[in-house]
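So you can see what is in the structure, the chains are spelled out below.
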Amino acid sequence: QAPSFRNCSGDRQVKLNHEGVLDRAIQIASANCDERPDGEAVSLVVIHSISLPPGEFGGDAIQRFFTNTLDCAAHPYFETLRGLRVSAHFLIRRAGDIVQFVPCGKRAWHAGASCYAGRERCNDFSVGIELEGTEDIAYTNPQYEALTALVGALLGRYPITDVVAHSDIAPGRKTDPGPSFEWERLRVAPRRG
């Protein structure tokens, strides 16, 4: 297992390699991805939130969900996820650990039906970052620190123009990361949407 990626705000020298693999993230491969369309550049970062079961933190349910190994009989809510094949590129845990499931050079299946600035299929040109949390519980200081460092690394590697909420690209369908997310704490890029 790769070393934890913690308290990154003091170390801005985190890097993505040519395939979009973050140098100190915990790497757990997800099959829920494919190739980006030819010539498609990564230009958007989408912030999500997730907790499994809802409102519970810790455990390995998110990892299992993103790797298609979740036991849907283990919790009543998990039945609603049966058959879904999704994954973000990154998950930032409550303690600030970053787990990478998909290299940024590939298209992770995180956005679903989506549209931003007149362009549909946001998975084609975005990187998805999940924060372990809920829309009504404050995210943690280590999560904001890790997110700032990660978005900074993405800005250094790709022609990112916007950082947006999942709710910005799927209004009416999605509401995350919700009112508990403090956009002013993400100081590396402007938010649009």
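Below is a summary of the structure that appears in this document. Here the structure is a predicted model, which means the values were calculated and not measured.

Describing the packing of aromatic side chains
Any two aromatic rings considered together are summarised by their centre-to-centre distance and by the angle between their planes.
Stage number 1. Going through the model one piece at a time under the given rule, you end up with 5 aromatic pairs.
Stage number 2. On the numbers, 5.9 Å between centres and 75° between planes, the contact of Tyr-139 with Phe-181 is edge-to-face. Here the residue Tyr-139 occupies a position in the loop between strand S9 (126-132) and helix H2 (141-157), and Phe-181 occupies one in the segment after helix H3 (166-169), the gap between them amounting to 42 residues. In this pair, the class of Tyr-139 matches that of Phe-181, namely buried.
Stage number 3. Where Phe-181 meets Trp-183, the ring centres are 4.7 Å apart and the plane angle is 80°; that geometry is what we call edge-to-face.
Stage number 4. Since its relative accessible area comes to 4%, Phe-181 is described here as buried.
Stage number 5. An aromatic cluster is defined as three or more aromatic residues linked by ring pairs; in this entry it consists of Tyr-139, Tyr-144, Phe-181 and Trp-183.
Stage number 6. One Lys or Arg, Arg-94, reaches over the ring of Phe-57 and ends 4.2 Å from the middle of that ring.
Stage number 7. Residue placement shows Arg-119 over the ring face of Phe-125; its charged tip is 3.9 Å from the ring centre.

Structural notes on the pairing of strand S10 (residues 162-165)
Two faces make up the sheet, and in a regular strand the side chains alternate between them.
Stage number 1. The alternating pattern of S10 places Asp-162 and Val-164 and Val-163 and Ala-165 on opposite faces, both of which are buried.
Stage number 2. Pairing of strand S3 (residues 44-50) with S10, which is carried by 4 bridges, proceeds in the parallel orientation. Across the sheet, residue Val-46 finds its bridge partner in S10, namely Val-164.

Considering the nonpolar core
Stage number 1. Within the largest apolar cluster, 30 residues are counted, with the highest numbers of intra-cluster contacts made by Ile-47, Phe-90, Ile-129, Leu-147 and Leu-154.
Stage number 2. Where this core is concerned, the elements lending two or more residues are S3, strand S4 (90-92), S9, H2 and S10.
Stage number 3. When residues of this core are assigned to their parent elements, the largest contribution, 8 residues, is made by H2.
Stage number 4. Not counting chain neighbours up to four residues away, the residues in contact with Ile-129 comprise Val-45, Val-46, Ile-47, His-48, Phe-90, Ile-92, Leu-147, Leu-150, Val-151 and Leu-154.
Stage number 5. Formed by 18 residues, the second largest nonpolar core is a distinct cluster that contains Leu-52, Phe-65, Cys-72 and Leu-81.

About the cut-offs
Residues numbered from 1 in each chain as written. Predicted model: local features only at pLDDT ≥ 70, side-chain atom pairs only at ≥ 80, totals over all residues. Heavy atoms only, no water. Phe/Tyr/Trp six-rings, centres within 6.5 Å; stacked < 30°, edge-to-face > 60°. Helix = DSSP H or I, 4+ residues; strand = E, 2+ residues; numbered from the N terminus. Buried < 20%, exposed > 50% of the residue type's maximum accessible area, 1.4 Å probe, protein only. Lys NZ or Arg CZ within 6 Å of the ring centre and 35° of its normal. Pairing = 2+ DSSP bridges. Core = buried A, V, L, I, M, F, W, Y, C linked by side-chain atoms within 4.5 Å. Contact = heavy atoms within 4.5 Å.

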